Every structure is written in structure tokens, then in C-alpha cells.
Amino acid sequence: MFDKLFLEITSHCNLACSFCPPTLRKKEHLSPDRFELFLSRLEGFGKNLYFHVKGEPLLHPSLGSYLAAARAGGFSVSLTTNGTLVEERADELLGAGNLAKLSISLHSHTGARGAESYWRSVSAFLDRHREKPGFPVSLRLWSRSGGALPPETALLWELVRARYPAAGDWESSSSDHRSKELDNRVYLNQADRFEWPDLALPSVSSKGFCRGLGNQIGVLVDGTVVPCCLDGEGSIALGNLGSSSLAEILDSPGARAIREGFARRELVEPLCRSCGYRKRFRRASDGD
């Protein structure tokens, strides 16, 4: 059983943000037939679906029906969005019934047309959510930059504070690692920006641990199964859920080697050695 099952329903995105490397894969939406197949093959391996790896899930025209199908299958769904379409898809989100969490990446405003229009749309959704707060909303921000307020974030931060005075001043808020409640079921979560793993990047270390294949697994829009949500290019392709069961894929030599390596605190895959996010799990004995 996995805590998180990442099922990418689209590889399309309507923004090109500097912090998110664009995918080189084919841009496509997951078809209803393939969605039903993948959903059936994920049954019994977890209850918590995340509708993304790369891509903007709110772009998918069948988002509402996919949420309903997941609910019928006993799954809860968490969504991470760049926030540009939350107002437009508000009815589907607020009416889903099985939405466990909606995370809005506020740092995506740098890829949108302007902080004011971006926040106006997010605020309109938050007004609707206040009337029917059936699930938590996490306002996420890559914020900790040596205590200094990044220039590109200054206007957005003032807009957030104007709506939510509980956000406080930048210095104290950005140094606080805890989730801060701003409103009923609305939270501010701030974190360090990290480097996406990339085979072109230098190796960080051959020693270490990760929760990939431990508490999570990912399925790309074409069915490629990957160990975690950060393998946005399918560099560690373990198999394809369109042609094999998940049990078969998890028992493959590649999947077993990764799990056994993590148990020894060894990184057998080159992509894992370049992962900046994995530093969060690193011990002093793992080296640099």
C-alpha cells in the first residue's frame, strides 16, 4: 500500500515557470478509457490519488468525471495546481466530495500575466471555498531566500497579506516551517525551492535514501510507471500500466534494485543521485 499514488492526467501546462523544467514528452491528456484502466490497476495499492506529475490537472476537460470515477472507486484525490484555473473550475472542485486537498502553487504567479490578475482569480475561488470549506486549501510558496523577500514575490505577498493579515511579516513567516492557518481550512505553507532531478545535472551523492517506491509511486500520462513524482521525464521507467499489472511492475528487477538500494542507503539510479529534493532525507553519514 502506498500513501500517494501519482496519476498524471495531462502533460499539458498553460504556464512556463522558471522553477519547473518543461517536459520533453508528448503533450497529451489521459483518455477516459485509459483512465479507467489505470484506475482499476491501482486498486488495492493505496487510496490517495494525486492527479499530477507534470502538467496542469485543471486543464483536463474531463476533470469532473475523473474525480467522480475516483470517488466511485473509493479513492480520495489531492490536486496541485498553478492556480490560474481555480476560479473557472470552482464548481467541479467544490462539488467533488472526495477532494482531500487542493494545493495552489502561488509561486506560479511569476509565469502568469501579472500578480494582481492572478491573485484576483485565486481570491474569487477562495471566496467560494469560504462558503463551502469541504477540503483544505494549501497556499504554497517557494519563499525562503536567505530571509530576503524575492523582488518578483513582493507584490503578490502584499496582496496575500491584505486578504489574510494572519500571514504576518515576511521575515517571521518565511522562517517558520510550520503550516500557518489563514482562514477556515486555508493554510500558508512555505518551503525552500529545490532542483528537479535531471540526468544532465552533476551527482549529489551515491549514498542516500528516498521515499520513492516506499510511500509513493507515479504513473505518467502514457502509462509509464516511475518511482516518484519528481521523475517528470520517465527516466526511470519501471514498466507500463497499460500493458502490465502494477504487481508485475513492482516485482521487476529494476524496482527491486531501487528498493534494496534505499534499504542500504545506496542510490542505484543516476537520476536519484542528482535529486535536490532528496537532500531533505539525507543523513550526515550519507555524504555530500
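Scroll up for the structure.
Here goes a summary of the coordinates provided. (Residues numbered from 1 in each chain as written. Predicted model: local features only at pLDDT ≥ 70, side-chain atom pairs only at ≥ 80, totals over all residues. Heavy atoms only, no water.)

1. Overview of the overall build of the protein
Phase 1 of the analysis: Of the regular secondary structure elements, the protein holds 9 helices and 10 strands.
Phase 2 of the analysis: Over its C-alpha atoms the protein spans a radius of gyration of 19 Å, differing by no more than 12% from the 19 Å that the globule rule assigns to 288 residues.
Phase 3 of the analysis: In terms of overall dimensions, the protein has a C-alpha envelope of 55 × 45 × 30 Å along the principal axes.
Phase 4 of the analysis: With 288 residues in all, the protein has 50% of them scored as buried.
Phase 5 of the analysis: Here the contacts in the protein between residues at least 6 apart in sequence split such that 69% fall between residues at least 24 apart.
Phase 6 of the analysis: Of the charged side chains in the protein, 36 are positive and 34 negative, and the gap between their average positions amounts to 3 Å. (Helix = DSSP H or I, 4+ residues; strand = E, 2+ residues; numbered from the N terminus. Rg over C-alpha atoms; globule rule 2.2 N^0.38 Å. Buried < 20%, exposed > 50% of the residue type's maximum accessible area, 1.4 Å probe, protein only. Contact = heavy atoms within 4.5 Å. Lys, Arg positive; Asp, Glu negative; His and termini not counted. Charge placed at Lys NZ, Arg CZ, Asp CG, Glu CD.)

2. Concerning the pairing of strand S6 (residues 180-183)
For a regular strand, side-chain orientation follows a simple rule: the groups alternate between the two sheet faces.
Phase 1 of the analysis: The pairing of S6 with strand S7 (residues 186-191) spans 3 bridges and is classified as antiparallel. Bridge pairing links Asp183 to Val186 in S7.
Phase 2 of the analysis: Hairpin remark: S6 followed by S7, antiparallel, with 2 residues in the connecting loop; positive phi at Arg185, about 65 degrees. (Pairing = 2+ DSSP bridges.)

3. Observations regarding the sheet that holds S7
Phase 1 of the analysis: Taken in spatial order, the 10 strands line up as S6-S7-S5-S4-S3-S2-S1-S8-S9-S10 in an open sheet, and their pairing is mixed. The open sheet is flanked by S6 and strand S10 (239-240), the only strands paired with a single partner.
Phase 2 of the analysis: Contacts from helix H1 (residues 32-42) reach strand S1 (4-7), strand S2 (48-50), strand S8 (216-219) and S10, with the element oriented near 165 degrees to S1. (Axes fitted to C-alpha atoms, helices over the stretch in contact; angles between N-to-C directions.)

4. Observations concerning the nonpolar core
Phase 1 of the analysis: Core analysis: the largest hydrophobic core is formed by 68 residues, its most contacted members being Leu49, Phe51, Phe125 and Leu139.
Phase 2 of the analysis: In terms of residue count, helix H4 (residues 115-131) provides more of this core than any other element does, 6 residues in total.
Phase 3 of the analysis: Contact partners of Leu139, with chain neighbours within four places excluded, come to Ile104, Leu106, Trp119, Tyr164, Leu182, Val186, Tyr187, Leu188 and Asn189.
Phase 4 of the analysis: Leu15, Cys17, Tyr50 and Leu230 belong to the second-largest nonpolar core, a separate cluster that totals 16 residues. (Core = buried A, V, L, I, M, F, W, Y, C linked by side-chain atoms within 4.5 Å.)

5. Notes on the packing of H4 against helix H5 (residues 154-163)
Phase 1 of the analysis: Contact pair H4 / H5: the axes reach a minimum separation of 10 Å and the direction vectors enclose 25 degrees. It follows from the interaxial angle that H4 and H5 lie roughly parallel. For the pair H4 and H5, the crossing hand works out as right-handed. Judged by residue contacts, Ala115, Glu116, Tyr118, Trp119, Ser123, Leu126, Asp127 and Arg130 of H4 engage Leu155, Leu156, Leu159, Val160 and Arg163 from H5. (Parallel < 35°, antiparallel > 145°, perpendicular 65-115°, else oblique. Left-handed = near helix turned anticlockwise from the far one by under 90°.)

6. Some thoughts on the pairing of strand S4 (residues 99-105)
Phase 1 of the analysis: Of all 7 residues that make up S4, 5 are buried, and the element is covered over most of its length.
Phase 2 of the analysis: Judged from the 5 bridges that link them, strand S3 (residues 76-81) and S4 form a sheet pairing that is parallel. The residue of S4 that forms the bridge with Ser78 is Lys101.
Phase 3 of the analysis: As defined by bridge partners, S4 adjoins strand S5 (residues 137-142) across 4 bridges and the pair is classed as parallel. Within S5, the residue paired with Leu102 across the bridge is Val137.
Phase 4 of the analysis: Between the parallel pair S4 and S5, the chain is carried across by H4, and the sense of this crossover is right-handed. (Right-handed = clockwise from strand over helix to strand, strands pointing away.)

7. Some thoughts on the packing of H1 against helix H2 (residues 63-72)
A pair of packed helices is captured by two measures, namely the crossing angle of their axes and the spacing between those axes.
Phase 1 of the analysis: At a minimum axis distance of 11 Å, the contact between H1 and H2 shows a crossing angle of 25 degrees. The angle between H1 and H2 falls in the class roughly parallel. When the axes of H1 and H2 are compared, the crossing they make is right-handed. Between H1, through Pro32, Phe35, Glu36 and Leu39, and H2, the contact on the second element is made entirely by Tyr66, Ala69 and Ala70.
Phase 2 of the analysis: Of the residues that constitute the contact of H1 with H2, the class distribution is 6 nonpolar, no polar and 1 charged. (Nonpolar A, V, L, I, M, F, W, Y, C, P; charged D, E, K, R; others polar.)

8. Details of the packing of aromatic side chains
Phase 1 of the analysis: Taken as a whole and judged by the stated rule, the model has 5 aromatic pairs.
Phase 2 of the analysis: Seen in terms of ring centroids, Phe35 and Phe51 are 5.8 Å apart; in terms of plane orientation they differ by 85 degrees. Their pairing is edge-to-face. Taken together, the residues Phe35 in helix H1 and Phe51 in the loop between S2 and H2 connect sequence positions 16 residues apart. Neither Phe35 nor Phe51 differs from the other in exposure class; each is buried.
Phase 3 of the analysis: Ring geometry for Phe35 against Tyr66: centres 4.0 Å apart, planes inclined by 5 degrees, an arrangement best described as stacked. Here Phe35, found in helix H1, pairs with Tyr66, found in helix H2; they are 31 residues apart in sequence, far enough to count as distant. Residues Phe35 and Tyr66 agree in their burial class; the two are buried.
Phase 4 of the analysis: One aromatic cluster in this structure is built from Phe35, Phe51 and Tyr66.
Phase 5 of the analysis: A cation over an aromatic ring shows up here: Lys47 above the ring of Phe75, its NZ or CZ 6.0 Å from the ring centre.
Phase 6 of the analysis: Taking NZ or CZ as reference, Lys54 lies 4.8 Å from the ring centre of Trp196, over its face. (Phe/Tyr/Trp six-rings, centres within 6.5 Å; stacked < 30°, edge-to-face > 60°. Lys NZ or Arg CZ within 6 Å of the ring centre and 35° of its normal.)

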